[in-house]
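Fold and geometry: a report
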Amino acid sequence: MKDMYAEFGISEKVIEYCNSKEALIKDRFDEIDRVCEYNQMKVIRAMQKNRLGEAHFAGTTGYGYNDIGRDCLESIYADCFRTEAALVRAQITCGTHALATALFGNLRPGDELLAPAGKPYDTLEEVIGIRPSRGSLKEYGVSYRQVDLLSDGGFDYPAIKEAINEKTKLIAIQRSKGYQTRPTFSVDKIGKLIAFIREIKPEVTIMVDNCYGEFVEEKEPSEVGADMVVGSLIKNPGGGLAPIGGYICGTKECIENAAVRLTTPGLGAEVGASLGITHTLLQGLFQAPQVVAGALKGAILAANIYESLGFSCVPDSKESRHDIIQAITFGTAERVVAFCEGIQAAAPVDSFVVPEPWAMPGYDSDVIMAAGAFISGSSIELSADAPIKPPYAVYFQGGLTYYHAKLGMMMSLQKMVDKNLISW
Ligand SMILES: *Cc1c(COP(=O)(O)O)cnc(C)c1O
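Quick caveat, the model's predicted, so the values are computed rather than measured. (Residues numbered from 1 in each chain as written. Predicted model: local features only at pLDDT ≥ 70, side-chain atom pairs only at ≥ 80, totals over all residues. Heavy atoms only, no water.)

1. Some words on the overall build of the protein
Inclusion rule: Helix and strand assignments follow DSSP, with helices taken as H or I runs no shorter than four residues and strands as E runs no shorter than two, numbered in order from the N terminus. This radius of gyration counts C-alpha atoms alone. The globule rule is 2.2 Å times how many residues there are, raised to the power 0.38. When a residue's accessible area, from a 1.4 Å probe over protein chains only, is under 20% of the maximum for its type it is buried; when over 50% it is exposed; and in between it is partly exposed. The accessible surface values rely on the Shrake-Rupley method and a 1.4 Å probe; as for residues, cover is taken only from the protein chains in view.
When its secondary structure is counted, the protein shows 12 helices and 12 strands. What you see for the protein is a C-alpha radius of gyration of 22 Å, in line with the 22 Å of a compact globule of 424 residues. In terms of overall dimensions, the protein has a C-alpha envelope of 65 × 50 × 40 Å along the principal axes. Taken over 424 residues, the protein has a buried fraction of 57%. Accessible surface computed for the protein: about 18,000 Å², of which carbon and sulfur atoms make up 54%.

2. Description of the domain arrangement of the protein
Many structure descriptions define interface size as the accessible area lost when the parts assemble. Selection criterion: Marked domain ranges trace back to an automatic or database domain assignment. What makes two residues a contact is simply this: any of their non-hydrogen atoms within 4.5 Å. Buried area adds together the accessible area that both of two parts lose upon being put together, with accessible area traced by a 1.4 Å probe. A carboxyl oxygen of Asp or Glu within 4 Å of a side-chain nitrogen of Lys or Arg is what we treat as a salt bridge. Polar contacts, as counted here, are pairs of nitrogen or oxygen atoms within 3.5 Å of one another; within protein the pair requires one atom able to donate a hydrogen and one able to accept it, and residues that are adjacent in sequence qualify only if both atoms are side-chain atoms.
You can read the domains of the protein as domain 1 (2-39 + 286-418) and domain 2 (58-275). Between domain 1 and domain 2, the C-alpha centre-to-centre distance is 28 Å. The interface is formed by 28 residues belonging to domain 1 together with 27 residues belonging to domain 2. Interface area for domain 1 against domain 2, summed over the two sides, is near 2,300 Å², with a carbon-plus-sulfur share of 61%. Interface area lost by domain 1 to domain 2 is led by H322, I375 and Y395, which between them contribute 24%. Summed over the shared surface of domain 1 and domain 2, the number is 2 salt bridges. Taking the shortest distance from any N to any O, the salt bridge between D323 and K177 comes out at 3.4 Å. Taken together, the connections running from domain 1 to domain 2 amount to 12 residue pairs in polar contact (both at pLDDT 80 or more). Mapped by element, the contributors of at least two residues to the side of domain 1 that touches domain 2 are α3 (26-49), α10 (278-308) and β12 (393-397). Top element by residues in the side of domain 1 that touches domain 2 is α10. It accounts for 6 residues.

3. What to know about the pattern of salt bridges
Per the stated rule, a full pass over the model turns up 21 salt bridges. Measuring nitrogen to oxygen at the nearest pair gives 3.1 Å for the salt bridge that ties R34 to E218. Residue R34 is found in helix α3, and its partner E218 is found in the loop between β5 (205-209) and β6 (228-232); the two are separated by 184 residues along the sequence. Each of K119, D122, E125, E126 and R131 takes part in one network of salt bridges that share partners.

4. With respect to the environment of S143
Structurally, S143 is set in strand β3 (residues 143-146). In sequence terms S143 and E112 are 31 residues apart; their C-alpha atoms lie 4.7 Å from each other. Setting aside residues no more than four positions away along its own chain, S143 makes contact with D111, E112, L113 and K167. One polar contact links S143 to E112, side chain to side chain, over a distance of 2.9 Å.

5. A word on the packing of helix α2 (residues 12-24) against α10
Using the following cut-off: Convention adopted: a line fitted to C-alpha atoms gives each axis, helices being fitted over their contacting stretch, and angles between N-to-C directions are expressed from 0 to 180 degrees. Comment on the angle field: the value is read as roughly parallel under 35 degrees, roughly antiparallel over 145, roughly perpendicular from 65 to 115, and oblique elsewhere. For any helix crossing, the convention is left-handed if the near helix is rotated counterclockwise from the far helix by under a right angle, and right-handed if that rotation is clockwise.
Relative to each other, α2 and α10 sit at 120°, their axes nearing to 9 Å. Taken together, the axis directions place α2 and α10 in an arrangement best described as oblique. Note on packing geometry: the crossing formed by α2 with α10 is right-handed. Contacts from Y17, C18, K21 and E22 in α2 reach L301, N304, I305 and S308 in α10.

Given below as structure tokens:
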């Protein structure tokens with residue numbers, strides 16, 4: 001083993017350090033494996049129940065009428081997420097598009113959208129019109145209201161009650177912290193918020209942005225009262241195999257509303273050729289519980305390695321996990337760059353390129369990104385990014401296998417050791 005790691009330039013000291021941290025967290029790995037086992041059964045059962053067969057793998061072209069594979073895939077998703085219906089399409093280009101489709105489809109002029117748990121993910125600011133943008137919900141006469149979290153990361157229940165009014169039509173809750181510092185919400189916590197909202201306005205539509213949360217717990221937010229859960233197929237549920245796509249799972253009413261927005265009124269979910277990727281989307285879903293488990297283990301290993309070296313980690317080395325994202329605050333630009341170089345050097349694809357900070361459009365500082373992925377932009381694959389500004393925090397996630405994530409951590413630590421950026 002030492003010789004194999006030596007081929008990557010990893011020293012014995014780094015190997016031993018990482019292995020000693022890994023040895024401390026075996027119990028947590030057992031718990032992750034238990035959730036993985038449950039979710040693997042959930043997925044297989046859904047495939048069996050819907051009588052998935054080889055005939056479903058044939059794709060369609062053109063209009064895509066009567067695409068039995070696509071329809072079966074959607075029924076399987078609906079069963080996995082315990083919803084009445086689902087829209088799972090290659091024509092949904094990304095997570096933001098899935099969320100925008102769910103929002104535009106279920107809101108009408110004069111309605112109000114409420115975010116009861118703080119600012120939504122960056123890319124939704126332009127969808128909603130928080131930042132002025134062409135074609136935003138705001139331009140279509142949909143107003144927006146937001147209730148920020150309390151300073152301890154809890155929900156501000158009195159303010160939420162106050163904010164719900166006769167115009168409130170849809171309430172959007174983001175499960176993952178994304179690239180914020182607040183804690184990620186457990187499904188349980190989301191369930192409590194939903195129950196509170198239902199007391200005030202039972203008929204309101206509740207949507208959960210489920211990105212990065214799928215298969216991390218046994219339950220999904222759709223099992224605790226959400227009308228819709230929405231996400232990207234190049235994150236958790238695509239299992240690293242999906243080459244494109246997004247999903248919306250929810251009530252029949254919500255899904256039909258989203259479908260006529262995705263295609264057109266009158267056509268809805270009837271059109272949309274699967275172009276031969278149904279097989280890959282299904283195989284990705286089949287792998288997803290295992291892939292998510294590997295990514296979670298990698299994130300926990302990272303927190304245990306870097307916290308013990310004196311860097312603050314969110315979530316920390318001990319706390320329970322509700323998404324796959326790990327933030328590590330390194331305090332200096334040099335360490336951030338070295339970490340990202342290590343992630344890149346550990347990649348199966350583009351391992352030979354060196355990431356550099358650059359002035360990416362839409363950011364107020366230089367940003368560095370490391371990814372060597374089979375699917376471009378896929379963040380269920382091992383990837384890291386960081387704005388080059390205080391507090392010099394890196395956000396990383398993924399790894400299609402645990403051992404790849406572990407290699408990434410070892411390589412990143414080795415890069416820092418090589419540059420004398422660590423004291424141990
Ligand atoms: C990734 C993400 C999105 C947007 O997804 P894209 O596929 O990047 O468009 C939205 N919300 C959260 C919480 C995310 O993590």
